[in-house]
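# Observations on the model geometry
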Amino acid sequence: MAHRMLALLCMMLFTLAVGATPPLRGSGDLGLVIERGSGSVRIVDTTRQLEIGRVTGLGDLSHASAVFSRDQRYAYVFGRDGGLSKIDLLAGTLVKRILQAGNAIGGAISQDGRLVVAQNYEPGGIKAFDAETLEQVADVPASYGSEGKRSKVVGLADLPGQRFAYALFDAGEIRVTDLSDPAQPKTAVYPAGKQPYDGLVTPDGRYYIAGLFGEDGLALLDTWQPQLGVRKILAGYGKGETPLPVYKMPHLRGWSIAGNRAYLPAIGHHEVLVVDTRSWQEVGRIAVKSQPVFVMARPDGREVWVNFAFPDNSWVQVIDTLSDTVVETLQPGKAVLHMEFTPRGEAIWISSRDDNTVTVYDTARHAPLKTLGVDSPSGVFFSARAARIGF
Amino acid sequence: MYPNKVIRPCVAGLAIFGIAIADARADRPAELIRLVRQDCGSCHGLTLQGGLGPALTPAALRDRPPEALFVAILHGRTGTPMPPFRGILDETDARWIVAKLLAGFPQEAH
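Conventions we followed
Residues numbered from 1 in each chain as written. Chains lettered and ligands numbered in written order. Predicted model: local features only at pLDDT ≥ 70, side-chain atom pairs only at ≥ 80, totals over all residues. Heavy atoms only, no water. Helix = DSSP H or I, 4+ residues; strand = E, 2+ residues; numbered from the N terminus. Contact = heavy atoms within 4.5 Å. Expected span 1.5 Å × (residues − 1). Buried < 20%, exposed > 50% of the residue type's maximum accessible area, 1.4 Å probe, protein only. Arc of directions from axis to C-beta. Polar contact = N/O pair within 3.5 Å; in protein donor to acceptor, adjacent residues only side chain to side chain. Core = buried A, V, L, I, M, F, W, Y, C linked by side-chain atoms within 4.5 Å. Pairing = 2+ DSSP bridges. Axes fitted to C-alpha atoms, helices over the stretch in contact; angles between N-to-C directions. Parallel < 35°, antiparallel > 145°, perpendicular 65-115°, else oblique. Left-handed = near helix turned anticlockwise from the far one by under 90°. Nonpolar A, V, L, I, M, F, W, Y, C, P; charged D, E, K, R; others polar. Buried area = accessible area lost by both parts, 1.4 Å probe. Salt bridge = Lys/Arg side-chain N within 4 Å of Asp/Glu carboxyl O.

## A closer look at the environment of Leu234(A)
All names here are of chain A. For Leu234, the position within the fold is in the loop between β21 (230–233) and β22 (257–258). Separated by 17 residues in sequence, Leu234 and Gly217 place their C-alpha atoms 4.8 Å apart. For Leu234, the contacting residues outside a window of four places in its chain are Asp216, Gly217, Leu218, Leu264, Leu273, Val275 and Glu282.

## Focus on helix α4 (residues 91–103) of chain B
Residue and element names in this part refer to chain B. Across its 13 residues, α4 extends 18 Å between first and last C-alpha, which sits within 8% of the 18 Å expected from 1.5 Å per residue. Among the residues of α4, Asp93, Ala94, Ile97, Val98 and Leu101 are the ones counted as buried. All buried residues of α4 fall inside an arc of 130 degrees around its axis, so they share one side. Opposite the buried face of α4, by more than 90 degrees, sit the exposed residues Thr92 and Ala103. Sitting at the amino-terminal end of α4 is Asp90, which places a side-chain oxygen 3.1 Å from the backbone nitrogen of Thr92. Downstream of α4 by a residue or two, Gly104 has a phi angle that is positive, lying close to 105 degrees.

## Details of the nonpolar core
In terms of nonpolar packing, the biggest core is built from 41 residues, with Ile174(A), Tyr208(A), Leu218(A) and Trp280(A) touching the most fellow members. Secondary-structure elements contributing two or more residues to this core are β14 (153–159), β15 (163–168), β16 (173–178), β18 (196–201), β19 (207–212), β20 (218–222), β23 (261–265) and β24 (271–276) of chain A. Membership of the second largest hydrophobic core comes to 21 residues, among which are Leu32(B), Ile33(B), Leu35(B) and Val36(B).

## Overview of the pairing of β19(A)
All names here are of chain A. A large share of β19 lies buried, amounting to six of its six residues. On β19, burial covers both faces: Tyr207, Ile209 and Gly211 on one face and Tyr208, Ala210 and Leu212 on the other are all buried. Direction of pairing for β18 relative to β19: antiparallel, over a ladder of five bridges. For Pro196, the partnering residue across the bridge sits in β19 and is Leu212. In this structure, the hairpin formed by β18 and β19 is closed by a connection of five residues, where Gly205 is found at a positive phi of approximately 80 degrees. Summarising the sheet, β19 and β20 pair through five bridges and their orientation is antiparallel. Bridge pairing links Ala210 to Ala219 in β20. Turn length for the β19-β20 hairpin, with the two strands adjacent in sequence and antiparallel, is five residues, and the turn residue Gly217 shows positive phi of about 145 degrees.

## Some words on the sheet that holds strand β7 (residues 93–99) of chain A
Residue and element names in this part refer to chain A. If you walk across this open sheet you meet the four strands as β4-β5-β6-β7, and the pairing is antiparallel. Sheet topology places β4 (65–68) and β7 at the edges, where each strand pairs with a single neighbour. Each neighbouring strand pair of the sheet contributes to a mean axis angle of 20 degrees, computed without reference to strand direction. Pairing of strand β6 (residues 83–88) with β7 involves six bridges; the strand directions are antiparallel. Counted as the bridge partner of Leu84 is Ile98 from β7.

## Describing the packing of helix α3 (residues 66–75) of chain B against α4(B)
All names here are of chain B. Look at α3 against α4: their axes get within 9 Å of each other, and the N-to-C directions meet at 130 degrees. It follows from the interaxial angle that α3 and α4 lie oblique. For the element pair α3 and α4, the recorded crossing hand is right-handed. Here Pro66, Leu69, Phe70, Ile73 and Leu74 of α3 come into contact with α4, specifically with Glu91, Ala94, Arg95, Ile97, Val98 and Leu102. Of the residues belonging to the contact of α3 with α4, the class tally is nine nonpolar, no polar and two charged.

## What to know about the interface of chain A and chain B
Listed by partner, the interface residues are 24 residues for chain A and 22 residues for chain B. Looking only at chain A, the three residues that lose the most surface to chain B are Arg36(A), Tyr247(A) and Phe310(A), adding up to 29% of its buried area. Between the two partners, chain A and chain B, sit two salt bridges. Close ionic contact of Asp39(B) with Arg353(A) constitutes a salt bridge, the shortest N to O distance being 3.8 Å. Viewed at the interface, chain B and chain A are joined by ten residue pairs in polar contact (both at pLDDT 80 or more). Among the residues making up the side of chain A that touches chain B, the classes are represented as ten nonpolar, seven polar and seven charged.

Set out below in structure tokens:
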């Protein structure tokens, strides 16, 4: 009798143990949708197009972004309140959360995946953390001038060689910090222009571009030849026109390079600017519905999808890069805040904050495939970013 | 009675119109709360603790004259990214927002 009881108990324990183990799966087709109002994220499967988990308690996610560990298992979410949260996409759990600053704007991950770096408004600067433990390993203040003022940092992007490029909104500079030895960060400073608001790095990690709010033009740094300094591109793009009020700063992160061309938002104008990436000369302008916020190239570069600033933020337009014309105008929902392509671009996920939806579009037909209910969604980030420079 | 047939629907129409106006005004605070939290929030933060733009909490605004805030909302601030909101907000809206900011801005109803 005792034997039989023991056998039964063993069987029950075995069943419990097996039941508690989630089925084996990969993480290359997973992603996160930020729920900006409730401080939570939904974990999504982009192959089956459904939600597989939710993680709460991440603080103020009103301007949140995420980067991914190189094994694509973990996401690091940067919150507005300086929170840095490490999320296990496979287990659907919060591994660790720290408060690393008072007011933050995003982050990046190093080439080797060992350092997670946050960019902060308050106190202005960047901080690096061990990707495994989230222990702080470096603090690089964005100090400028003779009075020790600190600038808000924008446009942080990873460069090859454990380097990070970023721009100083208040100081008008681009800086490149080398964190090969986190205990001794080395920072180079390049004057860039008035009020840089965001930045991007080209897919090869060579060119860093900062958009400027305070002047018409963008600042370009060739990080292979930094001694040449910053060069202005598209200078005076708004000449002769009165700039419109800007209700939402454009975002440059997530390069929009298609073939030999870069597609960039014009600030204060209803235009997307097209530049040749060999000469960095303007080769065209595309009139669009309103002021662009995100200008994103489909991974194959054949199309560029654009969303717009308040109050025209219910629209999305698609530009064909062969003809450089708008070929589609869509209304995915109210207050479209972000878009993310699947790794090879057959679909795009579009978040509509005020409709509480994320709509998956087929990019070949420009038609909706599926709509997911998400609480006040903003950023959509897929784990394939782990393998891309500048994402 | 031909005139009556015309007048009645007119009166009914006006009454509906009147209610519609009253409703639009009644909904305005909720719209403004959403606009300030979500759209002003893209620079000032959803919690209004600041971002690219300064914090808009009662403590942060303590020494700012209400009139200056009113002008900043409607006309923007030169040399900064603060855009003018006239055309989107009228003076009544701006005055309401300033008063609420100084008192502690309400949360959105969920």
